[in-house]
Amino acid sequence: MNPTLDPNPLAPYLPLAIVLLLAGVLSLIIVQLAAALGPKRPSSIKSAPFEAGSESSGPARQRFAVKFYVVALLFIVFDVEAVFLYPWAVNFQALGWFGYMEMLVFAATLVVGLIYIWKKGALEWEH
């Protein structure tokens, strides 16, 4: 059969559409069956909010300290460093001395930044 004369160009995607439709229908059926057949024994203890097994204290809409966000940003910065280290390590031999020196400069910059935030007390939780 000549592909340019195919009356329905979406015909090859029909099996995929059927699988996606079946997956959607099956997921809805499973959720409905679990809701209908699952045990229902509500109690005040089960309905109480908790976090890590502890009673909740204070309002849910409280303000977080700025230190929380600073630590989160620092985590992201050093996590991105790991993302840059992996491809460098894979291509280490191909990069040669130039790539080695570039990574030394990159790592030195990160170490200087770590020392700076350490001296500023950004990693201390007691304050």
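Residues numbered from 1 in each chain as written. Predicted model: local features only at pLDDT ≥ 70, side-chain atom pairs only at ≥ 80, totals over all residues. Heavy atoms only, no water.

Colleague: Is there a simple way to think about the overall build of the protein chain in this case?
Modeller: A tally of regular secondary structure across the protein chain gives 4 helices and 2 strands. Sequence-ordered secondary structure for the protein chain, helices as α and strands as β, is α-α-β-β-α-α. Counting every position in the protein chain, which comprises 127 residues, the buried fraction comes to 6%. The long-range fraction of contacts in the protein chain, counting pairs at least 24 apart against all pairs at least 6 apart in sequence, stands at 57%. (Helix = DSSP H or I, 4+ residues; strand = E, 2+ residues; numbered from the N terminus. Buried < 20%, exposed > 50% of the residue type's maximum accessible area, 1.4 Å probe, protein only. Contact = heavy atoms within 4.5 Å.)

Colleague: Hey, could you run me through a nonpolar patch on the surface in this one?
Modeller: On the surface, Leu21, Val25, Ile29, Leu33 and Leu37 cluster together into a nonpolar patch covering about 500 Å² of accessible area. Inspection of the secondary structure puts Leu21 in helix α1 (residues 14–37). Its relative accessible area of 60% is what places Leu21 among the exposed residues. (Patch = residues over 30% accessible without salt bridge, like charges linked within 9 Å, V, L, I, M, F, W, Y side chains within 5 Å. Areas by Shrake-Rupley, 256 points an atom, 1.4 Å probe, with all protein chains shown as cover. Salt bridge = Lys/Arg side-chain N within 4 Å of Asp/Glu carboxyl O.)

Colleague: Just to check I follow, could you spell out the packing of aromatic side chains for this structure?
Modeller: Any two aromatic rings considered together are summarised by their centre-to-centre distance and by the angle between their planes. Evaluation of the coordinates by the stated rule reveals 5 aromatic pairs. Residues Trp88 and Phe92 carry aromatic rings whose centres are separated by 5.3 Å and whose planes lie at 75° to one another, so their mutual orientation is edge-to-face. Ring centres of Phe92 and Tyr100 lie 6.3 Å apart, and the angle between their planes is 75°; this geometry places the pair in the edge-to-face category. The partly exposed category is assigned to Phe92, whose relative accessible area is 37%. Judged by relative accessible area, which is 30%, Tyr100 ranks as partly exposed. By the ring-pair criterion, three or more aromatic residues cluster together here, those being Trp88, Phe92, Trp97 and Tyr100. (Phe/Tyr/Trp six-rings, centres within 6.5 Å; stacked < 30°, edge-to-face > 60°.)

Colleague: What is the right way to look at the confidence of the model for the protein chain in this model?
Modeller: When pLDDT is averaged along the protein chain, the result is 84; 88% of the residues meet or exceed 70. Looking across the protein chain, the model is least confident in strand β1 (residues 50–51), with a mean pLDDT of 66, and most confident in α1, with 96. (pLDDT = per-residue confidence, 0-100.)

Colleague: I would appreciate a short explanation of the environment of Ala89 in the present structure.
Modeller: By the secondary structure assignment, Ala89 is in helix α3 (residues 66–90). By relative accessible area, which is 47% here, Ala89 ends up partly exposed. Spatially, the C-alpha atoms of Ala89 and Tyr100 are 9.7 Å apart, while their sequence positions differ by 11 residues.

Colleague: Just checking my understanding: could you explain the packing of α3 against helix α4 (residues 92–120) for this structure?
Modeller: In helix packing, the relevant descriptors are the interaxial angle and the interaxial distance, both defined with respect to the helix axes. As a packed pair, α3 and α4 sit with axes 10 Å apart at the nearest point and diverge in direction by 165°. Our classification of the angle between α3 and α4 gives roughly antiparallel. In this structure, α3 meets α4 at a crossing whose hand is left-handed. Contacts from Leu74, Val77, Phe78, Glu81, Phe84, Leu85, Trp88, Ala89 and Val90 of α3 reach α4 at Phe92, Leu95, Gly99, Tyr100, Met103, Phe106, Leu110, Leu114 and Ile117. (Axes fitted to C-alpha atoms, helices over the stretch in contact; angles between N-to-C directions. Parallel < 35°, antiparallel > 145°, perpendicular 65-115°, else oblique. Left-handed = near helix turned anticlockwise from the far one by under 90°.)

Colleague: What am I meant to see in α1 here?
Modeller: For an α-helix, the turn length of 3.6 residues means that residues three or four places apart are oriented alike. Compared with the 34 Å implied by 1.5 Å per residue over 24 residues, the 34 Å span of α1 between its first and last C-alpha is a close match. Of all 24 residues in α1, 0 are buried, a share of ten percent or less. (Expected span 1.5 Å × (residues − 1).)

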